[in-house]
Amino acid sequence: MGNRNAEGKVPVSNWKKYLKNATEEKETLEAEKKEVLEKLRPLQKVQRSVDLVMMEIEDQPDPENLLAEEKTACRDQIQKKDRVKKKSYGVEL
């Protein structure tokens, strides 16, 4: 019969006890949650700082690639200087 006792009546006192216990448990859990969140707050600040530093590190070019890029840029500049410019005789086509 589900929520009814042997006499067929709804056991209101049992439900009131259940509600009281559930309310007390909820308040206890909320207090524990608040304590945990207070302890967690400084750690979250550290995590944010670490995340920001990691983002900055990721944005910086890799030193090995940077050296290769500089070599390539220097080589390109030298090759441009070595190229002989075609003489223009004032006639454009």
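Basis of the calculations
- Residues numbered from 1 in each chain as written.
- Predicted model: local features only at pLDDT ≥ 70, side-chain atom pairs only at ≥ 80, totals over all residues.
- Heavy atoms only, no water.
- Helix = DSSP H or I, 4+ residues; strand = E, 2+ residues; numbered from the N terminus.
- Buried < 20%, exposed > 50% of the residue type's maximum accessible area, 1.4 Å probe, protein only.
- Areas by Shrake-Rupley, 256 points an atom, 1.4 Å probe, with all protein chains shown as cover.
- Phe/Tyr/Trp six-rings, centres within 6.5 Å; stacked < 30°, edge-to-face > 60°.
- Patch = residues over 30% accessible without salt bridge, like charges linked within 9 Å, V, L, I, M, F, W, Y side chains within 5 Å.
- Salt bridge = Lys/Arg side-chain N within 4 Å of Asp/Glu carboxyl O.

The next point concerns the overall build of the protein. Counting secondary structure elements, the protein contains two helices and zero strands. A burial count over the protein gives 1% of its 93 residues as buried. Here the protein displays about 9700 Å² of accessible surface, and carbon together with sulfur accounts for 56% of that area.

A word on the packing of aromatic side chains. Scanning the entire structure with this criterion turns up one aromatic pair. Ring geometry for Trp15 and Tyr18: centres 6.0 Å apart, planes at 85°, overall edge-to-face. Of this pair, Trp15 and Tyr18 both sit in helix H1 (residues 12-59), three residues apart, which is roughly one turn of that helix. Residue classification places Trp15 among the partly exposed positions, given a relative accessible area of 42%.

Below, the discussion takes up a nonpolar patch on the surface. Among the surface-exposed residues, Val46, Val50, Val53, Met54 and Ile57 lie close enough to one another that they form a single nonpolar patch of about 420 Å² accessible area. Position of Val50 relative to the elements: it lies in helix H1. Look at Val50 and you get partly exposed, because its relative accessible area is 40%.

Take it as geometry only, folks, not as evidence of what the structure does.
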